[in-house]
Amino acid sequence: MITFLCDSSFEGLLTAVYFAHREDPPRRVVSGASFQTSIGETLVPVETDYELYGKMESYISSRCGVDCLMAMYRAYLSGLPGIEDAVFRFFRVALVKKEETPYMHLHPDVAPVLEAQRTVSRESHKMLGFIRFRRIAENLLYAAYSPTANVTPLVAPHFADRMNSYSWIIHDVTRDIFAVYNGKECVIGHSVPGRLPPVADIDADYEDLWRAYFDHVAIAERRNLRLQMSLMPKKYWKYLTEKQTV
Amino acid sequence: MQKLSILADAAKYDVSCASSGVNRGGVRGSLGNSVQGGICHSFTSDGRCISLLKVLYTNYCTYDCAYCINRKSNDVPRASFTPEELCELTYNFYLRNFIEGLFLSSAVIKSPDYTTELMYRTVFLLRSKYKFNGYIHVKAIPGTDPALLERLGAIVDRMSVNIELPSEASLKLLAPDKKKDDIVAPMKLIKNKIIEYKDTARHLRGAPKFVPGGQSTQMIIGASGDTDLRILSLTEAMYRKYDLKRVYFSAYVPVNTHPLLPSVLTAPPMLREHRLYQADFLLRFYEFRADEILNEANPNFSRHIDPKCQWALLHLDQFPIEVNRAPYNKLLRIPGIGQISAKRIIQARRHGSLSLDDLAKLGAVVKRARFFVTCSGRYDPALKFDEQSIFTGLLQASDVPDAQLSFFNASSPVLALREAAI
Ligand code: SF4
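Residues numbered from 1 in each chain as written. Chains lettered and ligands numbered in written order. Predicted model: local features only at pLDDT ≥ 70, side-chain atom pairs only at ≥ 80, totals over all residues. Heavy atoms only, no water.

What to know about the packing of aromatic side chains
Then, number 1: The final tally for this structure, using the stated rule, is 26 aromatic pairs over all chains.
Then, number 2: Ring centres of F10(A) and Y73(A) lie 5.0 Å apart, and the angle between their planes is 65°; on these two criteria the pair is classed as edge-to-face. Here Y73(A) lies in helix α3 (residues 66–77) and F10(A) lies in helix α1 (residues 10–22), a separation of 63 residues in the sequence.
Then, number 3: For the pair Y18(A) and F19(A), a centre-to-centre distance of 5.2 Å together with 75° between the ring planes defines the contact as edge-to-face.
Then, number 4: Residue Y18(A) is classed as partly exposed on the basis of its relative accessible area of 27%.
Then, number 5: Ring pairs connect the aromatic residues F288(B), W311(B), F319(B), F371(B) and F372(B), which therefore count as one cluster.
Then, number 6: Taking the ring centre of W311(B) as reference, the NZ or CZ of R333(B) above it sits at 5.1 Å. (Phe/Tyr/Trp six-rings, centres within 6.5 Å; stacked < 30°, edge-to-face > 60°. Helix = DSSP H or I, 4+ residues; strand = E, 2+ residues; numbered from the N terminus. Buried < 20%, exposed > 50% of the residue type's maximum accessible area, 1.4 Å probe, protein only. Lys NZ or Arg CZ within 6 Å of the ring centre and 35° of its normal.)

Below you can see the structure in the form of structure tokens.
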């Protein structure tokens with residue numbers, strides 16, 4: 001059994017998918033982030049080839065449709081164990097079924113990617129609401145959060161459009177990934193240029209006002225903490241201003 | 001802080017919080033954009049979505065509506081914002097991503113015109129000086145000068161007029177200062193202006209839009225003796241006549257002692273509100289008519305089963321439906337199958353015929369759907385297709401916990417439906 005081992009980037013994944021596809025079966029794709037080798041398995045490390053990635057990207061979107069490419073990308077962002085190989089198997093189906101692939105909800109090689117894509121899309125939509133900025137300097141906003149999937153590349157464009165006259169940083173604390181916007185363009189990476197001021201709000205009164213508002217807008221007679229918890233799971237509370245006790 | 005607490009408290013019974021219906025990209029140098037489907041920013045301890053900063057401009061009121069906490073004869077703390085204060089608050093909340101925008105309503109201070117003028121000044125300031133490009137929903141105060149309302153409508157995303165109570169009779173009893181005509185007039189105005197502005201925009205690119213997010217309304221449930229049929233028919237008429245985007249229902253929370261109102265010890269009719277929302281969904285997205293769901297013989301929803309199941313039980317002659325062949329609009333009629341699962345069913349069956357297990361994988365709620373479908377001509381052999389068996393089965397799958405306790409003594413479904421009526 002040959003297993004292609006890629007780095008944790010999407011570029012790396014598509015490079016490995018290319019090589020795995022060229023081989024005669026059986027083959028498998030895993031990423032360096034999480035894999036277990038089994039007996040009789042040959043690991044082939046794949047070096048990320050950006051030019052090849054570019055070709056793969058345009059090949060997939062022109063031949064199988066951009067929906068297939070987006071499904072693969074979003075599913076990849078889930079970071080679920082085994083997702084790299086699922087993306088590879090999805091790709092194999094997509095080569096044959098083309099635009100129809102994203103509708104094959106019951107196909108065993110398609111369903112896992114569609115499912116992962118849905119989870120990621122759902123979480124990234126939730127994060128558009130749950131991200132909390134602090135105004136840490138007159139013109140600089142900072143948000144720390146900890147999403148389950150790697151949704152930073154999906155949420156950043158929304159804020160680049162919305163907060164375009166400010167500079168801001170969105171920090172995925174778990175993965176140590178930063179989206180940095182300077183008022184013109186947004187860069188996603190593992191570091192921030194320059195030194196960050198302390199991450200406290202320069203006008204923290206608004207955080208207190210928000211907490212007060214949050215408490216007062218609830219109707220005591222309708223109290224339903226279970227419902228609240230299912231809509232706003234506890235794992236997100238750490239970074240929600242209204243759920244922080246001061 | 002005190003002020004915000006008072007004016008948030010005073011606005012909390014208003015339910016329409018959504019920030020939906022407008023897709024507007026950001027503008028260089030302005031703060032904000034708007035997303036078609038709306039965004040929830042938080043959820044209160046009662047499980048409702050917080051999307052907009054929902055406050056009253058003031059809770060000083062010259063009116064005396066019986067059901068309202070802010071009525072002039074109540075002794076409650078009062079406060080008013082200034083336009084600047086509200087702008088600062090909205091802008092700074094938005095900047096921190098606490099909210100999608102502002103939902104501004106108000107008690108009636110001095111006169112409807114005076115009140116609306118203050119609201120207009122606030123919104124104008126927010127749009128011009130603060131360059132705020134986020135979502136704004138305002139409540140239109142009945143009795144306001146149409147010209148003033150038109151100016152307001154041109155700078156907000158959504159406008160709504162509360163119809164408050166489901167019939168003119170209950171309005172007369174409980175809100176003596178409000179007249180049906182005063183409520184209907186601004187609704188008509190909004191509808192007509194939307195059409196008029198759209199028409200202009202067709203010929204003139206970049207012409208201003210009038211409440212691009214459309215209008216909505218809300219009514220209070222359980223403060224008056226109106227039946228569910230009455231409420232649902234009114235809802236349907238509202239969608240048709242005024243082209244409303246949404247009708248909201250608000251389970252009455254007894255805040256005042258009044259001979260004509262439920263006592264302050266009465267729990268808000270949450271289940272009834274829930275059923276109305278379920279039925280409202282059937283009207284808006286499932287092509288149901290109000291008189292199909294309820295009628296004079298059955299004027300109220302069942303406590304035990306949802307409106308779609310209630311309808312299906314009374315129309316068993318239309319079932320079972322073959323999931324591998326039925327068109328989209330027929331699939332939508334099956335309890336346990338929604339818009340998303342119906343679409344997926346149609347997509348997936350192109351690649352092979354579907355079983356009950358497959359339906360579950362496609363997102364259908366099989367514990368309800370199984371009573372009403374055949375898969376490749378086969379009805380679930382574990383089930384019996386008759387009214388009594390299906391009713392009992394549905395109760396076991398009910399979304400209301402106490403329905404399971406009481407189903408043992410519910411015999412005939414139709415009788416049970418009547419008994420169970422709220
Ligand atoms: S007009 Fe009626 S409903 Fe509105 S705030 Fe005054 S008393 Fe309450």
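A word on the state of the cysteines
All names here are of chain B.
Then, number 1: One pass over the full model with this rule turns up one disulfide over all chains.
Then, number 2: The disulfide that involves C40 links it to C49, with 2.4 Å between the sulfurs. Across the disulfide from C40 to C49, rotation about the S-S bond amounts to roughly -110°, and the bridge is consequently left-handed.
Then, number 3: With relative accessibility at 29%, the residue C40 sits in the partly exposed group. (Disulfide = S-S within 2.5 Å.)

Observations regarding the sheet that holds strand β6 (residues 167–172) of chain A
Residues and elements named next belong to chain A.
Then, number 1: Strands sit in the order β4-β5-β6-β7-β8 across an open sheet of five strands; the sheet is mixed. Since the sheet does not close on itself, it has two edges, and those belong to β4 (134–137) and β8 (186–189), each with one partner. Direction aside, the axes of adjacent strands within the sheet are offset by 20° on average.
Then, number 2: Sheet contacts for helix α6 (residues 152–162): β5 (140–145), β6, β7 (177–181) and β8; angle to β6, the most-contacted strand, approximately 160°. (Pairing = 2+ DSSP bridges. Axes fitted to C-alpha atoms, helices over the stretch in contact; angles between N-to-C directions. Contact = heavy atoms within 4.5 Å.)

Structural notes on helix α2 (residues 50–63) of chain A
Each α-helix turn comprises 3.6 residues. Residues three or four places apart therefore point the same way.
Residue and element names in this part refer to chain A.
Then, number 1: Over its 14 residues, α2 runs 20 Å from end to end, which matches the ideal 20 Å to within 8%, given 1.5 Å per residue.
Then, number 2: Inspection of α2 places L52, Y53, M56 and I60 among the buried residues, and these make up the whole buried set. On an axial view of α2, the arc spanned by its buried residues comes to 100°, and they lie on one face. Of the exposed residues in α2, those oriented more than 90 degrees away from the buried face are Y50, E51, K55 and S62.
Then, number 3: Where α2 is buried, its residues touch α1, α3 and α4 (83–97).
Then, number 4: Its side-chain oxygen at 3.0 Å from the backbone nitrogen of E51, D49 defines the N-terminal cap of α2.
Then, number 5: At the C-terminal side of α2, G65 shows a positive phi close to 100°. (Expected span 1.5 Å × (residues − 1). Arc of directions from axis to C-beta. Polar contact = N/O pair within 3.5 Å; in protein donor to acceptor, adjacent residues only side chain to side chain.)

Thoughts on the side chain of R222(A)
Then, number 1: Secondary-structure assignment places R222(A) in the loop between α7 (205–216) and α8 (225–231).
Then, number 2: Relative accessible area serves as the criterion here: at 9%, R222(A) is assigned to the buried category.
Then, number 3: Contacts of R222(A), omitting those with residues within four sequence positions, involve D46(B), R48(B), A251(B), P268(B), M270(B) and E273(B).

Some points on the domain arrangement of chain A
Residue and element names in this part refer to chain A.
Then, number 1: Assigned domains within chain A: domain 1 (2–122) and domain 2 (127–243).
Then, number 2: One C-alpha centre belongs to domain 1, the other to domain 2, and the line joining them spans 31 Å.
Then, number 3: Each partner contributes residues to the interface: domain 1 has five residues there, and domain 2 has five residues.
Then, number 4: For the pair domain 1 and domain 2, the summed buried area comes to about 460 Å², and 64% of that belongs to carbon and sulfur atoms.
Then, number 5: For the interface between domain 1 and domain 2, the tally reads zero salt bridges. (Domains from an automatic or database assignment. Buried area = accessible area lost by both parts, 1.4 Å probe. Salt bridge = Lys/Arg side-chain N within 4 Å of Asp/Glu carboxyl O.)

A closer look at the interface of chain A and chain B
Then, number 1: Taken together, the contacts link 52 residues of chain A with 59 residues of chain B.
Then, number 2: Buried area between chain A and chain B, both sides added, is near 5,000 Å², and the carbon and sulfur share of it is 58%.
Then, number 3: A per-residue breakdown of the area chain A buries against chain B is headed by R162(A), Y213(A) and R222(A), which together make up 17% of the total.
Then, number 4: Inspection of the chain A/chain B interface yields four salt bridges.
Then, number 5: A salt bridge links R350(B) to E100(A), with the shortest nitrogen-to-oxygen separation between them at 2.8 Å.

Considerations on the sheet that holds strand β5 (residues 135–139) of chain B
Residue and element names in this part refer to chain B.
Then, number 1: Strand order in this open sheet of six strands is β3-β4-β5-β6-β7-β8, and the pairing throughout is parallel. On the outer flanks of this sheet lie β3 (52–56) and β8 (246–251), each paired with one strand and no other. With strand direction ignored, the average angle separating the axes of adjacent strands in the sheet is 20°.
Then, number 2: Of the strands in this sheet, β7 (215–221) and β8 are in contact with helix α8 (residues 270–285), which crosses β8 at around 170°.

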